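# Summary of structural features
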Amino acid sequence: MTTKTLTELVLQHRTIRGYKPDPVPMDVIREVLDIARNAQSNGNTQPWHIAVVSGASRERLEKSVFAAIAEGMQPNPEWPTGGRGLTGVHKQRQRACGAQYYQTMGVAHDDQTARDELSLRNWKFFGAPHAAFLSMPKTMHRANAVDIGIFLQTVMLLFEERGVSSCPQGALAIFPDKVREVVDIPEGNAILVGMSFGYEEEGALINSAKMPREPLDAIASFAN
Ligand SMILES: Cc1cc2nc3c(=O)[nH]c(=O)nc-3n(C[C@H](O)[C@H](O)[C@H](O)COP(=O)(O)O)c2cc1C
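Model, not experiment: these values are computed from the prediction. (Residues numbered from 1 in each chain as written. Predicted model: local features only at pLDDT ≥ 70, side-chain atom pairs only at ≥ 80, totals over all residues. Heavy atoms only, no water.)

## Considerations on the site of the ligand
What counts is decided by this rule: Residue proximity to a molecule or strand is established when one non-hydrogen atom of the residue lies within 4 Å of it. Any pair of nitrogen or oxygen atoms within 3.5 Å is treated as a polar contact; in protein, a donor-acceptor pairing is required on top of that, and neighbouring residues in sequence qualify only through side-chain atoms on both sides. All accessible areas in this document rest on Shrake-Rupley with a 1.4 Å probe, and a residue is counted as covered only by the protein chains that are shown. Helical segments are the DSSP runs of H or I of at least four residues, strand segments are the runs of E of at least two, and each set is numbered from the N terminus. In the scheme used here, Gly and all other residues not listed as nonpolar or charged are polar, with Ala, Val, Leu, Ile, Met, Phe, Trp, Tyr, Cys and Pro taken as nonpolar and Asp, Glu, Lys and Arg as charged.
The local shell around the ligand holds 14 residues, among which His13, Thr15, Arg17, Gly170 and Arg213 are the closest. Residue Pro168 places a main-chain N or O atom 3.1 Å away from a nitrogen atom belonging to the ligand. Arg213 is positioned such that a nitrogen or oxygen atom in its side chain is 2.7 Å from an oxygen atom of the ligand. Here the ligand has 620 Å² of accessible area as a free molecule, and 67% of this is covered by the chains. Among the elements that take part in the shell around the ligand, strand E3 (residues 165-169) stands out by supplying three residues, more than any other. For the shell around the ligand, the class distribution of residues is six nonpolar, five polar and three charged.

Below is the structure:
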């Protein structure tokens, strides 16, 4: 367990994409998810389901996705993906984020092959020993995705408290059929987001970027 406060964990946050191969003990994973069940949701619907893939299943999933991509498999997300509808300042921030990521990794902006390779690391789970897939009933409105986000952040912070790092990944929602081949997703659910998690590889280049944030007054208004 870390001795850091929640404030320190949030202030020091970085998405981790470089991992040691060591697995997280299953009792730690179960403990975190068991505590995260207490997260709030709209109307207490608790629409979340989390499917965790480790060990041989994780290897099988990675291999089958890469084999299918080589055969021309196209993305088939069940919810609209996060990159849609970005305009203005949000598009600019997304571009700046990509540029900082590529620069950190020494990838030239116009090197599409290197960019694609970097992007494919999503489905190698960035070397993490575990991947998780969060789904909710297909019939629910996208407003219920707020509940999934709250649950996901709760899980990630509880992991962080235990020294386990993570990377939330919209990219892990684009090949849902492959995920269903290795782990149970409830009937009628659709995968919204995934996450890789494990122990950080200290000093890895890919973990070195600290992404900026907008100042408080740009994101908040107050009326008295
Ligand atoms: C819902 C969500 C989806 C994300 N999807 C991906 C993804 O598919 N691949 C990836 O490498 N990072 C993904 N990220 C991580 C963001 O790119 C990252 O949080 C952002 O660049 C800010 O960097 P930081 O978390 O290190 O501060 C995702 C984050 C969130 C919250």
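## Description of the nonpolar core
Convention followed: We define a nonpolar core as any set of buried Ala, Val, Leu, Ile, Met, Phe, Trp, Tyr and Cys residues linked to one another through side-chain atoms lying within 4.5 Å. Here's how the labels work: a residue is buried when its accessible area is under 20% of the maximum for its type, exposed when over 50%, partly exposed in between, all with a 1.4 Å probe on protein chains only. Pairs of residues are marked as contacts when any of their non-hydrogen atoms sit within 4.5 Å.
Ile50, Leu134, Phe151, Val155, Phe159, Met195 and Phe197 are the most contacted members of the largest nonpolar core, which totals 26 residues. Residue assignment for this core shows that the elements contributing at least two residues are helix H2 (26-36), strand E2 (130-137), helix H6 (145-161) and strand E4 (189-198). Counting residues per element, this core draws most heavily on H6, which supplies seven residues. In this structure, Leu134 is in contact with His49, Ile50, Ile148, Phe151, Leu152, Ala190, Ile191, Leu192 and Val193, ignoring residues within four places of it in sequence. Residues Ala51, Ala131, Ile174 and Ile191 belong to the second largest nonpolar core, which totals 17 residues.

## Some remarks on the pairing of E3
What counts here: Here, any two strands with at least 2 DSSP bridges between them count as paired.
Taken across its five residues, E3 has four buried, putting it largely inside the fold. Taken together, the five bridges between E3 and E4 define a ladder with antiparallel strand orientation. Its bridge partner lying in E4, Cys167 is registered against Ser196.

## A closer look at the environment of His13
On the secondary structure map, His13 appears in the loop between helix H1 (6-11) and H2. Dropping the residues within four chain positions of it, His13 is found in contact with Lys210 and Arg213.

## Thoughts on the environment of Asn189
Along the chain, the position of Asn189 falls in strand E4. Spatially, the C-alpha atoms of Asn189 and Glu202 are 36 Å apart, while their sequence positions differ by 13 residues. The residues contacting Asn189, other than those within four sequence positions of it, are His49, Glu78, Ser135, Met136, Pro137, Lys138 and Arg180.

## Description of unusual backbone geometry
Its identity as a non-glycine residue notwithstanding, Asn44 has a phi of 55 degrees, on the positive side. With respect to the element layout, Asn44 can be found in the loop between H2 and strand E1 (49-54). For Asn44, a relative accessible area of 52% corresponds to the exposed category. The backbone of Phe126 shows a phi angle near 55 degrees, a positive value even though the residue is not glycine. Relative accessible area serves as the criterion here: at 7%, Phe126 is assigned to the buried category.

## Regarding the sheet that holds E4
Each strand in a sheet pairs with another by means of backbone hydrogen bonds, the pair being arranged parallel or else antiparallel. Let me state the cut-off plainly: Lines fitted to C-alpha atoms define the axes, with helix axes restricted to the stretch in contact, and inter-axis angles between N-to-C directions lie between 0 and 180 degrees.
With respect to topology, four strands assemble into an open sheet ordered E1-E2-E4-E3, the strand pairing being antiparallel. Every other strand in the sheet has two partners, leaving E1 and E3 as the edge strands with one partner each. On average, each strand axis in the sheet is tilted by 25 degrees relative to the strand beside it, whichever way the strands run. Bridging between E2 and E4 involves eight bridges; their strand directions are antiparallel. For Pro137, the partnering residue across the bridge sits in E4 and is Asn189. Against the sheet, H2 touches E1, E2 and E4, its axis set at about 170 degrees to E1. Running over the sheet, helix H3 (residues 55-70) touches E1 and E2 and is turned about 90 degrees from E1.

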